[in-house]
Amino acid sequence: MLSTKKVIDADVSRIIEMAWEDRTPFEAIQREYSLNESAVIQFMRQNLKSGSFKLWRKRVTGRKTKHLHLRIPDISRAYSSHQYKHQ
């Protein structure tokens, strides 16, 4: 579990990135880093400035794409087709 391990900077950055991404569900973060939704919220509160945390919470609260069980079946990937394109 992430909370008991020493978290390296790359993990902190990746968890924050995944939490901000609209199409990355909380379940994917839990699968990869063993952080459930409430642990991600606590993690974000500890690792973001207050204003950034409030913006993030406002953004993800009620967002259907952040929860697998709320998604429409047509969304089967965790990122946009425009993301990660090779230059």
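Here the residue index of a chain counts from 1 through its sequence in written order. Restriction of local features to residues with pLDDT of at least 70 applies here, the model being predicted, together with a cutoff of 80 or more for giving and counting side-chain atom pairs; totals for whole chains, interfaces and linings are based on all residues. Note that the side-chain values use all heavy atoms of the structure and ignore hydrogens as well as water.

A. Focus on the packing of helix 1 (residues 9-20) against helix 2 (residues 26-33). All axes here are fitted lines through C-alpha atoms, helices being fitted over the stretch that makes contact, and every angle between N-to-C directions spans 0 to 180 degrees. By the criteria applied, helices consist of DSSP H or I runs no shorter than four residues and strands consist of E runs no shorter than two, each listed in order from the N terminus. Running from N to C, helix 1 and helix 2 point in directions that differ by 160 degrees, and their axes come no closer than 9 Å. On the basis of the axis angle, helix 1 is roughly antiparallel to helix 2. The two elements helix 1 and helix 2 cross, and the hand of that crossing is right-handed. Counting all contacts with helix 1, which are made through Asp11, Arg14, Ile15, Met18 and Ala19, the residues of helix 2 involved are Ala28, Ile29, Glu32 and Tyr33. Taken together, the residues of the contact of helix 1 with helix 2 break down into 6 nonpolar, no polar and 3 charged. Working rule for angles: under 35 degrees goes down as roughly parallel, over 145 as roughly antiparallel, 65 to 115 as roughly perpendicular, anything else as oblique. By definition, any crossing whose near helix is turned counterclockwise from its far helix by less than a right angle is left-handed, and any crossing with a clockwise turn is right-handed. By the convention used here, residues are in contact when the closest approach between their heavy atoms is within 4.5 Å. Residue polarity is assigned by list, with Asp, Glu, Lys and Arg as charged and Ala, Val, Leu, Ile, Met, Phe, Trp, Tyr, Cys and Pro as nonpolar; anything else, Gly included, falls into the polar class.

B. Here's a closer look at unusual backbone geometry. Positioned with a positive phi, Ser34 is a non-glycine residue whose angle comes to about 60 degrees. Mapping Ser34 onto the fold places it in the loop between helix 2 and helix 3 (37-47). Given the relative accessible area of 36%, Ser34 is considered partly exposed. Relative accessibility under 20% of the residue-type maximum defines a buried residue, over 50% an exposed one, and the middle range a partly exposed one, all with a 1.4 Å probe and only protein chains included.

C. Spatial organisation of the side chain of Thr24. By the secondary structure assignment, Thr24 is in the loop between helix 1 and helix 2. For Thr24, a relative accessible area of 4% gives the class buried. Polar contact is defined as a pair of N or O atoms within 3.5 Å, subject to the rule that within protein one atom must be able to donate a hydrogen and the other to accept it, and that residues adjacent in sequence are counted only when both atoms are side-chain atoms. At a separation of 2.5 Å, a polar atom in the side chain of Thr24 contacts the side chain of Glu21.

D. Highlighting the side chain of Glu21. Its location among the elements puts Glu21 in the loop between helix 1 and helix 2. On the basis of relative accessible area, Glu21 is assigned to the buried category, the value being 13%.

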